[in-house]
Amino acid sequence: MIKILYIASEAVPFIKTGGLADVAFALPKALRKTDIDVRVVIPKYKGIQEKFKNEMNLLKSFDVPMGWRKQYCGIEHMEYEGIPFYFLDNEYYFHRDSLYGFYDDGERFSFFSRAVLEAIEHLDFIPDIIHCNDWHTGMIPLLLREHYKKHGIYSDIRTVFTIHNLKYQGLFSSEILGDLLDLGMEYYHADELEFYSGISFMKGGINYSDIITTVSETYSMEIQESFFGERLDGMLRRRSNDLYGIVNGIDYDVYNPYSDEEIFVKYDANSIEDKKNNKIELQEILNLPQNPNIPMISMVSRLVDMKGLDLVLFVLEELLEEDVQVVILGTGDKNYEDKILELASKYPQRLSANILFDNSLAHKIYASSDMFLMPSLFEPCGLGQLIALRYGALPVVRETGGLKDTVMSYNEFTGEGNGFSFTNYNAHDMLYTIKRALKFYEDESLWRRIMRTAMTKDYSWDRSAKKYIDLYEALAPDQNTKEDVPDIYEESSENQRLIPDTEIEYISIGKAAKLLGVSASTLRRYESKGILAAQRNARGHRIYNKDKLIEFKDAFRKK
């Protein structure tokens with residue numbers, strides 16, 4: 001059985017600010033349905049509800065090394081829907097009113113990264129793979145290699161790093177390297193962690209993990225281009241052989257119109273006509289004219305530029321001239337909030353502005369809407385369009401990232417498609433696509449046929465979980481043949497001679513790279529192919545792998 005320690009900065013139902021929290025629960029849940037022992041680690045935040053805190057059991061407390069200082073950490077444990085969760089407790093770092101945005105975020109998540117690795121010694125669970133997510137966990141692969149690999153229980157652990165959104169990178173001062181992470185300044189280099197006069201935790205995850213994944217196939221290709229690459233596209237191109245795109249899914253136990261307790265009237269693909277009853281009820285509570293036949297277009301979104309709000313506001317008044325109702329739910333940039341509220345006061349019969357976060361209302365909007373608008377500038381995966389498809393609200397999206405991978409624009413000639421899409425980031429291209437969809441909406445039988453296509457396709461985590469399992473199986477050591485001490489040989493002209501362990505100097509990758517006069521990232525390319533150690537002796541600097549001893553420079557030339 002493969003053992004996965006899944007590390008995230010947030011996870012539902014405990015704490016959430018974005019889609020990462022949904023993934024950190026739903027993917028482990030899907031994996032545990034298979035023969036994968038996956039357990040989740042998050043910080044123990046102040047904002048976690050007391051009902052959950054009361055169920056947690058303290059397993060162990062220990063000190064976490066942070067440069068010259070040591071900090072307390074407690075490991076607390078509980079199970080939720082069959083998933084073991086570990087919560088790392090330190091009130092100085094995590095007993096705060098929000099999760100992110102503090103002056104010492106670099107220190108807080110340096111602590112979290114080191115605490116995760118220290119905690120492994122105190123658990124009855126030694127993972128084969130540590131699966132890290134986004135910048136908050138980006139230093140774990142490097143710290144594992146630099147400080148822990150030489151210890152027995154850590155020696156075979158491999159790492160996966162998932163990029164949920166490359167835009168948020170965790171950029172901090174280089175002082176963190178020595179002061180908090182016990183790393184040398186050789187890592188303050190463009191090939192390592194240095195990023196425009198600082199260091200990038202995201203860069204650490206990309207550079208030092210064994211495998212990198214993103215949350216859709218299209219996004220994995222987009223981030224290798226300068227427009228989407230956030231100045232890390234060069235590094236991502238260099239690691240393209242280790243980069244995989246796996247689209248997110250949604251939790252069918254949570255998002256199911258046939259069993260959803262949050263919506264007014266339950267329905268499925270065989271009772272689509274009941275969806276209109278939800279629309280009537282929603283219109284009443286939002287003070288919109290009650291009309292089951294008027295097309296309702298919704299947005300449930302953060303109100304920020306990456307979500308395409310510039311396009312929406314540019315043509316929203318023109319859209320409201322059509323016989324439609326528009327419902328918007330979300331919070332974000334104040335200028336967007338104010339403009340939406342202003343238009344809602346101007347068009348109260350056509351536009352409902354709900355500037356708040358309300359999960360129950362979100363479910364009701366998905367169940368009531370005919371179309372779901374998501375014209376993102378970029379979208380790594382997106383969950384909104386997947387939920388909308390599940391509830392029969394046909395998405396209107398821009399073809400980027402996961403939106404391109406999950407929404408197929410309706411083709412009136414072949415009858416294929418589950419929504420509508422446009423390519424260019426252009427407000428009138430978006431408006432034209434919405435008007436095209438409105439034309440099809442007039443044909444009720446056709447619209448229901450497209451809805452059934454949308455609602456019956458599998459958007460669950462099951463397929464995506466299988467792809468993660470394939471990666472885990474390729475990466476994890478063979479459970480049946482794993483050896484405690486691999487054989488190391490020296491290549492000679494006639495035969496191979498076993499080298500005694502006493503001749504081997506096990507040193508960090510950073511130190512080995514410095515001795516050999518190359519970058520650490522170059523040496524790591526060989527380590528990922530089975531290199532175990534570097535040695536200094538009278539014959540020069542050498543590196544070992546499982547089969548033979550080779551001169552590093554000769555090996556590099558051959559490559």
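Fair warning: this is a prediction, and the values are worked out from it, not measured in the lab.

The rules behind each value
Residue indices begin from 1 for each chain and proceed along its sequence in written order. The model is predicted, so local features are restricted to residues of pLDDT at least 70 and side-chain atom pairs to those at 80 or more, both for listing and for counting; the totals for chains, interfaces and linings are taken over all residues. Hydrogens and water are ignored here; the side-chain numbers use all heavy atoms of the structure. Elements are defined by DSSP. Helices are runs of H or I of four residues or more, strands are runs of E of two residues or more, and each kind is numbered from the N terminus. Burial classes: relative accessible area under 20% of the type maximum marks a residue as buried, over 50% as exposed, and values in between as partly exposed (1.4 Å probe, protein chains only). Identification of polar contacts relies on pairs of N or O atoms within 3.5 Å, with a donor-acceptor requirement for protein atoms, meaning one able to donate a hydrogen and the other able to accept it, and with residues adjacent in sequence counted only if both atoms are side-chain atoms. Should DSSP find at least two bridges between two strands, the strands are regarded as paired. One fewer than the residue count of a helix, multiplied by 1.5 Å, yields its expected span. A pair of Phe, Tyr and Trp rings is counted when the ring centres sit within 6.5 Å of each other, with Trp represented by its six-membered ring. The angle between the planes then sorts it: under 30 degrees is stacked, over 60 is edge-to-face, the rest tilted. By definition, being over a ring means that NZ of Lys or CZ of Arg is both within 6 Å of the ring centre and within 35 degrees of the ring normal.

Enquirer: Describe unusual backbone geometry, and please don't skip the residues or the numbers.
Expert: Here Val12 and Pro13 are connected by a cis peptide whose omega angle stands at 5°. Note that Pro13 resides in the loop between strand E1 (2–7) and helix H1 (19–32). Positioned with a positive phi, Asp134 is a non-glycine residue whose angle comes to about 60°. Its relative accessible area of 8% is what places Asp134 among the buried residues. Phi is positive for Asp182, close to 55°, though the residue is something other than glycine. For Asp182, a relative accessible area of 32% gives the class partly exposed.

Enquirer: Residue-level account of the side chain of Lys44, with values.
Expert: Considering the arrangement of structural elements, one finds Lys44 in the loop between strand E2 (36–43) and helix H2 (50–53). Within the structure, Lys44 has its side chain in polar contact with the side chain of Glu76 (distance 3.0 Å).

Enquirer: So what's going on with the pairing of strand E4 (residues 69–80)? Which residues, and what values?
Expert: Of the strand pairs in this sheet, strand E3 (residues 57–66) and E4 are connected by nine bridges, and their pairing is antiparallel. Bridging from a neighbouring strand, Lys60 pairs with Ile75 of E4. Where E3 hands over to E4, the hairpin turn is made up of two residues, of which Gly67 adopts a positive phi near 65°. Bridging between E4 and strand E5 (residues 83–89) involves seven bridges; their strand directions are antiparallel. What sits directly across from Met78, in E5, is Phe85.

Enquirer: Which residues make up helix H11 (residues 309–320), and what values do they have?
Expert: An α-helix turns once every 3.6 residues. As a result, residues three or four positions apart point the same way. In this model, H11 (twelve residues) spans 16 Å end to end at C-alpha, consistent with the 16 Å of a helix rising 1.5 Å per residue. Those residues of H11 that sit buried are Leu309, Leu311, Val312, Leu313, Val315, Leu316, Leu319 and Leu320.

Enquirer: Any details on the packing of aromatic side chains? Residues and values, ideally.
Expert: Enumeration over the complete set of coordinates arrives at 31 aromatic pairs. Both rings, one in Phe14 and one in Tyr80, keep their centres 5.9 Å apart while their planes meet at 70°; by these two values the pair is edge-to-face. Residue Phe14 is located in the loop between E1 and H1, and its partner Tyr80 is located in strand E4; the two are separated by 66 residues in the primary sequence. Judged by centre distance (5.1 Å) and plane angle (80°), the ring pair of Tyr410 and Phe440 falls under edge-to-face. You can see Tyr410 sitting in the loop between helix H15 (401–406) and strand E18 (420–422) and its partner Phe440 sitting in helix H16 (residues 427–441), a full 30 residues away along the chain. Across the pair, exposure class does not vary: Tyr410 and Phe440 are buried alike. Its end group placed over the ring of Phe264, Lys364 keeps NZ or CZ at 5.6 Å from the ring centre. The aromatic ring of Tyr252 is capped on one face by Arg390, whose charged end is 3.6 Å from the ring centroid.

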